[in-house]
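Inside the fold
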Amino acid sequence: MGDTDHTMSQPAASRPPVILWLRRELRLADNPALAAAVASGHPVLPVFVLDETAPAAWAPGGASRWWLHHSLAALGAELAARGAPLLLRRGRYDQVIPALAAEVGAAAVHAGLPTEPWARAALRRVHAALGGRLRTHLTTLAFAPTEIRTQAGTPYGVYSPFARACLARVAETGGLPAPPLAAPARLEAAPSPPGDRLADWGLLPARPDWAGGLRAAWMPGEAGAAARLERFRHAGLAQYAARRDLPGVAGTSMLSPHLAWGEVSVSQVWHATAGGAKFIGELLWREFAAHLLWHHPALPEAPLREAFAAMPWRDDAADLRAWQRGRTGIPIVDAGMRQLWRTGWMHNRVRMIAASFLVKHLMLPWQHGEAWFWDTLADADLAQNSASWQWVAGSGADAAPYFRIFNPVLQGRKFDPDGAYVRAWVPELARLPDRWLHAPWDAPEDVLAQAGVLLGRDYPRPLVDLAAGRQRALDAFAALPRVA
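Here is a short report on the structure shown in this document. Please read these numbers as outputs of a predicted model, since none were measured by experiment.

Mapped onto the secondary structure, Tyr 402 falls in the loop between helix H17 (382-393) and helix H18 (408-415). Residue classification places Tyr 402 among the buried positions, given a relative accessible area of 17%. The sequence separation of Tyr 402 and Val 392 amounts to ten residues, and the corresponding C-alpha distance is 8.5 Å.

What follows is the structure in structure tokens.
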């Protein structure tokens, strides 16, 4: 008889528990850490630790805290229904987890593998305290950050060959990622020591309550993730390649916050959408961003291409504030920034347009935009946020060429041709004809008057002349060493 069978034959009271340490895998289905804890044959004690000692710049933003509250509430209810209530503790990972393991006499601690640099450092300290009792599992990615390497054994720095290597690994293994695991119907609970009340953590906004748009747009939690995935599989996947860049239609999965918090696994999404090559490519970009952050821990703060440290960025608080609030005078940019502020999410095509406008037309540091997205995105993910901002800025791995500067007017006309997106989020321009909607400053005075628009009063004039802003950026980039 194996160890597991022998352990399970012992009375529950005589078996030490195993701790399931949850961070960003807030689900029961297809959770390798949970599956391993259950398979151990020991009673399971699920715990979530609110560690607020991350670097100040990367403390969870308001939208993330809102999402986390509701996700933990949903997870706690699901765990309680299966017999194992979720324990909440507040404090440093490297103090709370070892202390809890000692408090309950834990046989092991099962945890996911983090990618954030400070969380990895904390995990190493927990390992030093617990030794072999700490078992880590790949819970948020399909591929371990060290698994995919070039033929020379080095990390990848360009997305396309990385993606090809991932797909080759899938072909080699005949089914990676593995088929998703079902959620356990019942959990054998360990006696739970005292914990915190979720309401006492203050994750929800105090007055004024700015989260109405988030409540209207989202249902955090595993059930919400499953419903959105099923809806996309049936109603969106077939048209994803054709509609993914059109912000005025429901053409994307909108799974990003659920993936960011681990309410659905990459394996679940991969298997549900296996027929959509374009969509799988987006999952692989997510894997690539994690790969970059793992191998370049300074990615959120410093340019990967060292020459960009000399970029003569502007310091203009008024321009930054106008961009943050969707008051730049560029309709497609403003629509995106208002959607972000209201819902905690922005369409991916518009994210690129808005980011390009900030760092290239306004010449403001990409770190400013990265910080704003971090604070306002419900899907804030350090790896994706930093990798994507560096891509737009031209300073990162697999970066867009420095001379690729999105023209927001042309982008708006191409991807929002009927103006549905701009009219939804910039209603003061709603009566403008399509011809002028994306460049209202070019509209004749009588057209503006008929639409009820007085530039400078009803809608701002552009912060910068687009042609002049583009040339200013090109001149600055060309002057950088080894960039021109």
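From this point, the discussion proceeds with the structure in view.
What follows deals with the pattern of salt bridges. Following the criterion strictly, the structure yields 24 salt bridges and no others. Of the charged contacts, one joins Arg 89 and Glu 103 as a salt bridge, the two residues approaching to 3.3 Å between their closest N and O atoms. In this pair, Arg 89 is assigned in strand S3 (residues 87-90) and Glu 103 in helix H4 (residues 93-104), connecting sequence segments 14 residues apart. For Arg 89, a relative accessible area of 16% puts it in the buried group. On the accessibility criterion, Glu 103 (44% relative accessible area) is partly exposed.

A few words now on unusual backbone geometry. Keep in mind that most residues, glycine aside, have a negative phi and that most peptide bonds are trans. In this structure, Asp 30 takes a positive phi of about 50° despite not being glycine. Residues other than glycine seldom take positive phi values, yet Met 254 does so here, at roughly 55°.

With that out of the way, let us pick up the packing of aromatic side chains. Applying the stated rule across the entire model yields 20 aromatic pairs. Judged by centre distance (6.1 Å) and plane angle (70°), the ring pair of Trp 66 and Trp 67 falls under edge-to-face. Comparing Trp 66 with Trp 67, the two get one shared label, buried. With centroids separated by 4.9 Å and ring planes inclined at 45°, the aromatic side chains of Phe 232 and Phe 279 adopt a geometry described as tilted. Here Phe 232 is found in helix H8 (residues 222-235), whereas its partner Phe 279 is found in helix H12 (residues 277-295), with 47 residues between them in sequence. Judged by relative accessible area, Phe 232 falls into the buried class, the value being 4%.

With that settled, the discussion passes to the sheet that holds strand S5 (residues 134-137). If you trace the five strands from one edge of the open sheet to the other, you get S3-S2-S1-S4-S5, paired in parallel fashion. Of all the strands in the sheet, the pair left with one neighbour each is S3 and S5. This sheet shows a mean twist of 25° between the axes of neighbouring strands, independent of strand direction. As paired elements, strand S1 (residues 18-22) and strand S2 (residues 44-50) share five bridges and run parallel to each other. The partner of Val 18 across the bridge, within S2, is Val 44. Packed on one face of the sheet, helix H2 (residues 32-39) meets S1, S2, strand S4 (108-112) and S5 and runs near 160° to S4. Its contacts with the sheet place H4 against S1, S2, S3 and S4, and it is angled at close to 155° to S2.

Relative to the assigned elements, Arg 149 resides in the loop between S5 and helix H6 (159-173). Accessibility expressed as a relative area gives 34% for Arg 149, which makes it partly exposed. The spacing of Arg 149 and His 291 is 142 residues in sequence and 9.8 Å in space, taken between C-alpha atoms. Excluding residues within four positions of it along the chain, Arg 149 makes contact with Thr 154, Pro 155, Tyr 156 and His 295. At 3.2 Å, the side chain of Arg 149 and the backbone oxygen of Gly 153 are in polar contact.

Basis of the calculations
- Residues numbered from 1 in each chain as written.
- Predicted model: local features only at pLDDT ≥ 70, side-chain atom pairs only at ≥ 80, totals over all residues.
- Heavy atoms only, no water.
- Helix = DSSP H or I, 4+ residues; strand = E, 2+ residues; numbered from the N terminus.
- Buried < 20%, exposed > 50% of the residue type's maximum accessible area, 1.4 Å probe, protein only.
- Salt bridge = Lys/Arg side-chain N within 4 Å of Asp/Glu carboxyl O.
- Phe/Tyr/Trp six-rings, centres within 6.5 Å; stacked < 30°, edge-to-face > 60°.
- Pairing = 2+ DSSP bridges.
- Axes fitted to C-alpha atoms, helices over the stretch in contact; angles between N-to-C directions.
- Contact = heavy atoms within 4.5 Å.
- Polar contact = N/O pair within 3.5 Å; in protein donor to acceptor, adjacent residues only side chain to side chain.

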